Every structure is written in structure tokens, then in C-alpha cells.
Amino acid sequence: MDAVGRILIVDDDVAFLKAYRLLLGQERDDIETATDQDAALGHLDRGGWDVVLLDQKLRGAGGPDTGIDLVQEVLCRAPGARPIIVTAYASPDVVLRAFEAGAYDYL
């Protein structure tokens, strides 16, 4: 697989992070992961991201939509990066909120 840019994956579920690594390529050194908002902000401040995959809910299924709250931070701290929300908990209101926040896409 050819590298297409630096990818930051933010998800509180370690099993999903492992799945992303398998899908995107285990040996790639242009992928970083974070399991919470603070770690994500630290990675974002290092810059150079092309895509940021954000779990919609970073505090478990019953938690708030913390990933959507990070979209603005991605846009401010990593200009040019494309924030993409990834979730199993989609609803029309949340999809709209994600795009209003500046998400590039919503999966």
C-alpha cells in the first residue's frame, strides 16, 4: 500500500485501533493513535496530519460526542487535515452537527 499521508486515529477502543492498523497497514510509520482527547491534542500539536479519524464517542457508547467536539481542534491545530467522524451511533442530528463543526466526512 502506498502512503497517502499522515493519519491520526482517535478511538477509545483499543480493538478498533488494532483493526484500523490491520486495514491501513501494520508497517506504516505515518499512522499514530490516541485513546482520549488529551492524547489527541498532543498529537495534533505536532502537526503534519492529512487525515484524522475521530470516534464520535470517546468515553464509551453512553458518553458524550467528544469526537465531534474535537473537529474544531483538528481544524485549528492541523490546518489542511481532513477530520472524519467514524461511529456506530449515527443519527441525523449528530451527522448535521458534525458537518456544521467542519467534518470532512462522516462514516
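Heads up: these notes are all about the structure in this document. For clarity, every value in this text was computed on a predicted model and none was experimentally measured.

Each value, and the rule that gives it
Residues numbered from 1 in each chain as written. Predicted model: local features only at pLDDT ≥ 70, side-chain atom pairs only at ≥ 80, totals over all residues. Heavy atoms only, no water. Helix = DSSP H or I, 4+ residues; strand = E, 2+ residues; numbered from the N terminus. Rg over C-alpha atoms; globule rule 2.2 N^0.38 Å. Contact = heavy atoms within 4.5 Å. Areas by Shrake-Rupley, 256 points an atom, 1.4 Å probe, with all protein chains shown as cover. Buried < 20%, exposed > 50% of the residue type's maximum accessible area, 1.4 Å probe, protein only. Lys, Arg positive; Asp, Glu negative; His and termini not counted. Salt bridge = Lys/Arg side-chain N within 4 Å of Asp/Glu carboxyl O. Phe/Tyr/Trp six-rings, centres within 6.5 Å; stacked < 30°, edge-to-face > 60°. Lys NZ or Arg CZ within 6 Å of the ring centre and 35° of its normal.

### Concerning the overall build of the protein
For the protein, the count of helices and strands is five helices and five strands. In sequence order, the protein lays out its α and β elements as β-α-β-α-β-α-α-β-α-β. A compact globule built from 107 residues should have a C-alpha radius of gyration of about 13 Å, and the protein, at 13 Å, falls within 12% of that. In terms of overall dimensions, the protein has C-alpha extents of about 35 × 30 × 25 Å along its principal axes. Taking as baseline every contact in the protein between residues at least 6 positions apart, the subset at least 24 positions apart corresponds to 54%. When the accessible surface of the protein is split by element, carbon and sulfur atoms take 53% of a total near 5900 Å².

### Observations regarding the side chain of Asp-55
Considering the arrangement of structural elements, one finds Asp-55 in strand β3 (residues 51-55). Buried charge without a partner: Asp-55 forms no salt bridge, and the closest opposite charge is Lys-57, 8.6 Å away. Filtering out sequence-adjacent residues up to four positions away, Asp-55 remains in contact with Val-10, Asp-11, Asp-12, Gly-67 and Val-86.

### A word on the packing of aromatic side chains
As enumerated under the stated definition, the model contains zero aromatic pairs in all. Over the ring of Trp-49 we find Arg-6, and its NZ or CZ is 3.9 Å from the ring centre.

All we've got here are geometric facts, nothing functional implied.
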